Amino acid sequence: MFDDELDDIHPLFHGAPSSASFKKLRKRIVRYTREAIDQYGMIERGSRWLVCLSGGKDSYTLLAVLHELQWRGLLPVELLACNLDQGQPNFPATVLPAFLEKMGVPHRIEYQDTYSIVKDKVPAGRTYCALCSRLRRGNLYRIAREEGCSAVVLGHHRDDILETFFMNLFHGGRLATMPPKLVNEEGDLFVYRPLAHVAEEDCEKFAKAMNYPIIPCDLCGSQDGLQRQQVKQILDQWEKNSPGRRQVMFRALMNARPSHLLDPKLFDFANLTRDSVKVETDSDLPPSLR
C-alpha cells in the first residue's frame, strides 16, 4: 500500500521519507483515520467535504491522509480545502495558497478580519479562544453552504478530545468532549473529526517529516496560563509516569456505562428494580477493584 511511485501517489506525499519508521507512522495514521471514518459513519457517497486548513501540523496531517484515502479509492467524496485568514498581524498569507496550488489541491482562501473583533471584544487578561472559535466556526459554516458541502471537517486529534474532556470535567462540571461526528445547531451540516483516534505526537512527527510549511497561531498561542495548557501538562505528566495512559483514557470515552454514572437522564434509576438487570458480581469488576 505504501510503495509509492511518483505517478502513483498524490503530490501531498511526494518526497516522503523512505524509512521504515516513517512508513509505519504513515500507515498507522491512515489506519486510525479510516477506522474513525468507518466507525462513526462519516461517508455519504458523492458528498463534498470542506476540509479546514489552519496551517498547523494537525490540519496538514488531516489534508494529506484524506487525500491518501481518496487517492486509494477508499473515500468516495469530493474534498475542498479551505483556509480562513483571520487577519492576524504578520500572518504569511501567501504560504497556504502557494502550497495548495503546488500540490494541486482544490481550495478556497477566505479573508475575514475576526482578529480585530476578538481583540476589541475580549477584556485584557482574558483568553481569546472561545470567541475566536465561534467566529471561525460561523464563517466556516457559511463557506460550506456556499460551496455545496455537506460537512465541515476539522483536524482535532485524540489528545484534543482528551483535553476537552478534562476541561469540561475540571471547569465545566460535565462529562463531555468533542465527538468525532455531530450535526450543527442549524441541522444542515455535519462536523467531522476523522483524526479522532490519531495521537498528537504522530501528527507532529508526520508533518515534520513531510516538511510541510507550519504556520503558528499567534493569537491564542501567545497567551500563557490557558486552562487547556494546564490540562495538557497534567496529561503529559500522567503519560510520563505511566506510558500508554492517554490511550487507556481515550478508550474509556468509548466505553461509557450510563448505569454506573449518576445522570438520571441517561439511566432510569428511579424505576430500577432488583430483577430488572443482572446484578454485577466481583467477577465483573477489573482486578484492581475486586
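Look up a bit, the structure's there.
The rules behind the values
Residues numbered from 1 in each chain as written. Predicted model: local features only at pLDDT ≥ 70, side-chain atom pairs only at ≥ 80, totals over all residues. Heavy atoms only, no water. Helix = DSSP H or I, 4+ residues; strand = E, 2+ residues; numbered from the N terminus. Buried < 20%, exposed > 50% of the residue type's maximum accessible area, 1.4 Å probe, protein only. Contact = heavy atoms within 4.5 Å. Areas by Shrake-Rupley, 256 points an atom, 1.4 Å probe, with all protein chains shown as cover. Pairing = 2+ DSSP bridges. Right-handed = clockwise from strand over helix to strand, strands pointing away. Core = buried A, V, L, I, M, F, W, Y, C linked by side-chain atoms within 4.5 Å. Phe/Tyr/Trp six-rings, centres within 6.5 Å; stacked < 30°, edge-to-face > 60°. Lys NZ or Arg CZ within 6 Å of the ring centre and 35° of its normal. Salt bridge = Lys/Arg side-chain N within 4 Å of Asp/Glu carboxyl O. Expected span 1.5 Å × (residues − 1).

1. A word on the overall build of the protein chain
1) Next: What the protein chain contains, in helices and strands, is nine helices and six strands.
2) Next: Per-residue burial for the protein chain yields a buried fraction of 39% across its 290 residues.
3) Next: Taking as baseline every contact in the protein chain between residues at least 6 positions apart, the subset at least 24 positions apart corresponds to 75%.
4) Next: A total accessible area of about 16,400 Å² is found for the protein chain, and carbon and sulfur atoms account for 52% of it.

2. Points about the pairing of strand β1 (residues 48-52)
1) Next: For β1, the buried fraction is high: five of the five residues fall into the buried class.
2) Next: In this structure, β1 lies alongside strand β2 (residues 78-85), joined through five bridges in parallel fashion. Counted as the bridge partner of Cys 52 is Cys 82 from β2.
3) Next: After leaving β1, the chain enters helix α2 (residues 57-71) and then returns to the sheet as β2, a path that is right-handed.
4) Next: Note that β1 and strand β4 (residues 151-153) share three bridges and pair parallel. By the bridge assignment for β4, Trp 49 is matched with Ala 151.

3. Some details on the side chain of Glu 200
1) Next: Assignment of secondary structure puts Glu 200 in helix α7 (residues 200-210).
2) Next: Setting aside residues up to four positions removed in sequence, Glu 200 forms contacts with Lys 57, His 157, Asp 159, Glu 163 and Lys 232.

4. Description of the nonpolar core
1) Next: Counting 39 residues, the largest nonpolar core has Trp 49, Leu 63, Leu 66, Phe 206 and Tyr 212 as the members making the most contacts within it.
2) Next: Sorting the residues of this core by element identifies α1 (20-39), β1, α2, β2, α3 (95-103), β4 and α7 as the ones contributing at least two each.
3) Next: The greatest single-element share of this core, amounting to seven residues, is contributed by α2.
4) Next: The residues contacting Phe 206, other than those within four sequence positions of it, are Phe 13, Phe 22, Leu 25, Arg 26, Ile 29, Thr 61, Ala 64 and Tyr 212.

5. Section: the packing of aromatic side chains
1) Next: Across all of its chains, the model carries 12 aromatic pairs by this definition.
2) Next: Look at Phe 267 and Phe 269: their rings are 4.9 Å apart centre to centre, the planes differ by 65°, and that puts the pair in the edge-to-face class.
3) Next: Here the aromatic cluster, defined as three or more aromatic residues joined through ring pairs, consists of Phe 13, Phe 22, Tyr 60, Phe 99, Phe 206 and Tyr 212.
4) Next: Across from the ring centre of Phe 13, 4.1 Å away, lies the NZ or CZ of Arg 26, which sits over that ring.
5) Next: The positively charged end of Lys 181 is found above the aromatic ring belonging to Phe 190, 4.9 Å away from the centroid.

6. Structural notes on the pattern of salt bridges
1) Next: For the coordinates displayed, the defined rule picks out 23 salt bridges.
2) Next: Of the charged contacts in the structure, one is a salt bridge between Glu 146 and Arg 142, with a shortest N-O distance of 3.2 Å. Placement of both Glu 146 and Arg 142 in helix α5 (residues 129-146) is noted, with a separation of four residues, approximately one turn of the helix.
3) Next: By relative accessible area, which is 48% here, Glu 146 ends up partly exposed.
4) Next: Relative accessible area serves as the criterion here: at 25%, Arg 142 is assigned to the partly exposed category.
5) Next: In this structure, Lys 232 engages Glu 163 in a salt bridge whose closest nitrogen and oxygen atoms are separated by 3.6 Å. Here Lys 232 is found in helix α8 (residues 227-241), whereas its partner Glu 163 is found in helix α6 (residues 158-172), with 69 residues between them in sequence.
6) Next: Classification of Glu 163 by relative accessible area gives buried; the value is 3%.
7) Next: One connected set of salt bridges, linked through shared partners, spans Arg 48, Glu 78, Arg 108, Glu 110, Arg 142, Glu 146 and Glu 147.

7. Considerations on α6
1) Next: The end-to-end C-alpha separation of α6 is 20 Å, in line with the 21 Å expected for 15 residues at 1.5 Å each.
2) Next: Burial of α6 is extensive: 11 of the 15 residues sit out of reach of the surface.
3) Next: Residues Arg 158, Asp 159, Asp 160, Ile 161, Leu 162, Glu 163, Thr 164, Phe 165, Phe 166, Met 167 and Asn 168 constitute the buried set of α6.
4) Next: Looking at the buried side of α6, the elements it contacts are α2, α7, α8 and α9 (245-253).
5) Next: Looking one or two residues beyond α6, the residue adopting positive phi is Gly 173, at roughly 65°.

Spatial relationships are all this shows, so hold off on functional conclusions.
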